[in-house]
Amino acid sequence: METIRVNRSNLAEWQKKARPNVMALGCFDGLHHGHCAVIHTAYQKAREKQVPLAVMSFFPHPKTVISNGKIHVHYLMPLAEREAKLRSMGVETFYIVEFDKEFAGLVPEQFVAQYLNGLGVVHAVAGFDFSYGVRGAGNMDRLKHDSSGRIDVTKVAKVDLRGEKISSTCIRERLLNGRVAELPDLLGHFYETKCEWNGAEFILYPYYTLPGPGNYRVTLENRSGSIPTEVTVMNDGTTLKCTDDIPLFLKGKLAIVWEKQIDESRKLRIS
């Protein structure tokens, strides 16, 4: 898979190199069940049309730019992890568009002409609520018209869990409220954060979000092995403390798999 970072200064260069493709559109932070439905649909369309599958995402998060930095977005995974998962899903080209004020100010027709028509898109796939262009004026119902009829469109229906739309927002809310045990129903797996263990402290890598303050049952793992243990997210929301001694084989880069928040009152009653 080729990862291409697109901005105003190099867009024309990538337009010249583009070839016909089916493109999935979205932010795709977390790559939850809703995102996967979009990408799987795009994959099938690409196979039908016998063209490559591309994904377009946007960075930094649009909410941060549009709010002039007043909204802080808690990222669920860094771009490198997103790349690895997209590669495993059959994506051949991953466009990461620089989202800045000028990009946010494009009218819908400009976005489609420059970033979709211009990059060889013959079929666009996105969730039912995907929007584009200034103030989100563009949507999937008008995309074919905005492309002058050159792009076919597939709008993927809402993917929900007991009536609630599965979204990065609902995952962040559960995470920050400590409800990590609910995340496999939304993500397809337990939430993981990558960090460095230097023998004394955990140093979290960028673009992950820790669960809210509290005590958690987790698994610590790296290529050498894994251990079940308990960790505490301190009240500052950034510091981690481990209940047990951590074996030397886990020193260095490791993953924390967040399985369940421990009910302190229940823990005290049992002990």
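Refer to the structure printed above.
The rules behind these values
- Residues numbered from 1 in each chain as written.
- Predicted model: local features only at pLDDT ≥ 70, side-chain atom pairs only at ≥ 80, totals over all residues.
- Heavy atoms only, no water.
- Phe/Tyr/Trp six-rings, centres within 6.5 Å; stacked < 30°, edge-to-face > 60°.
- Helix = DSSP H or I, 4+ residues; strand = E, 2+ residues; numbered from the N terminus.
- Buried < 20%, exposed > 50% of the residue type's maximum accessible area, 1.4 Å probe, protein only.
- Pairing = 2+ DSSP bridges.
- Axes fitted to C-alpha atoms, helices over the stretch in contact; angles between N-to-C directions.
- Core = buried A, V, L, I, M, F, W, Y, C linked by side-chain atoms within 4.5 Å.
- Contact = heavy atoms within 4.5 Å.
- Polar contact = N/O pair within 3.5 Å; in protein donor to acceptor, adjacent residues only side chain to side chain.
- Salt bridge = Lys/Arg side-chain N within 4 Å of Asp/Glu carboxyl O.
- Arc of directions from axis to C-beta.

Enquirer: Just checking my understanding: could you explain the packing of aromatic side chains for this structure?
Expert: Two aromatic rings, taken as a pair, are described by how far apart their centres are and by the angle between their planes. Tallied over the entire structure, the rule returns 13 aromatic pairs. Ring centres of Y216 and W258 lie 5.3 Å apart, and the angle between their planes is 90°; this geometry places the pair in the edge-to-face category. With Y216 in strand β13 (residues 214-222) and W258 in strand β16 (residues 252-261), the pair connects residues that are 42 residues apart, well separated along the chain. By relative accessible area, Y216 is classed as buried at 0%.

Enquirer: Help me out: how do you make sense of the sheet that holds strand β14 (residues 225-233) in this one?
Expert: Two pairing modes exist for strands in a sheet, parallel and antiparallel, and in both the strands are linked by backbone hydrogen bonds. The 6 strands lie next to each other as β12-β11-β16-β13-β14-β15, forming an open sheet whose pairing is antiparallel. In this open sheet, the two edge strands, each paired with only one partner strand, are β12 (202-204) and β15 (240-242). If you compare each strand with its neighbour and ignore which way they point, the axes differ by 45° on average. Pairing of strand β11 (residues 191-197) with β16, which is carried by 7 bridges, proceeds in the antiparallel orientation. If you follow W197 over to β16, its bridge partner there is G252.

Enquirer: What should I look at first to understand the nonpolar core in this one?
Expert: In a soluble, globular protein the nonpolar side chains are often hidden away together inside. Membership of the largest hydrophobic core comes to 29 residues, with the highest contact counts inside it found for L25, M56, F111, Y115, L116 and L143. When contributions to this core are tallied by element, the ones reaching two or more residues are β1 (2-6), α1 (11-17), β2 (21-25), β3 (53-59), β4 (93-98), α5 (101-104), α6 (108-116) and β5 (121-127). Of all the elements, α6 adds the most residues to this core, at 4 residues. Among residues more than four places away in sequence, those in contact with M56 are M23, A24, L25, G26, F28, Y95, V97, F111, Y115, L116 and L119. By size, the runner-up hydrophobic cluster in this structure holds 28 residues, among which are F202, V231, L240 and L250.

Enquirer: Is there a simple way to think about the environment of S9 in this case?
Expert: By secondary structure assignment, the location of S9 is in the loop between β1 and α1. On the accessibility criterion, S9 (71% relative accessible area) is exposed. Separated by 240 residues in the primary sequence, S9 and F249 place their C-alpha atoms 46 Å from one another. Engagement of the side chain of S9 in a polar contact is seen with the side chain of N7, the distance being 2.7 Å.

Enquirer: Any chance you could explain the pattern of salt bridges here in plain terms?
Expert: Note that side chains of opposite charge can pair when their charged atoms are close. Summed over all chains, the structure comprises 17 salt bridges. Linked through salt bridges whose partners overlap, the residues forming this network are E164, R174, R179 and E182.

Enquirer: Help me understand α6, please; the structure alone is not making it clear to me.
Expert: Every α-helix winds through 3.6 residues per turn, so residues three or four apart in the chain are directed the same way. Among all positions of α6, only P108, F111, V112, Y115 and L116 are buried. Buried residues of α6, seen end-on, are gathered within an arc of 105° and therefore sit on one face of the element.

Enquirer: I would appreciate a short explanation of the sheet that holds β1 in the present structure.
Expert: Read across the open sheet, the 6 strands follow the order β1-β4-β3-β2-β5-β8; overall the sheet is parallel. The open sheet is flanked by β1 and β8 (152-156), the only strands paired with a single partner. The sheet shows a mean angle of 20° between the axes of neighbouring strands, direction not considered. Here β1 pairs with β4 via 5 bridges, running parallel. When the bridges of β4 are listed, R5 appears paired with I96. α6 rests against β1, β2, β3, β4 and β5 of the sheet, and its axis sits at about 125° to β3.

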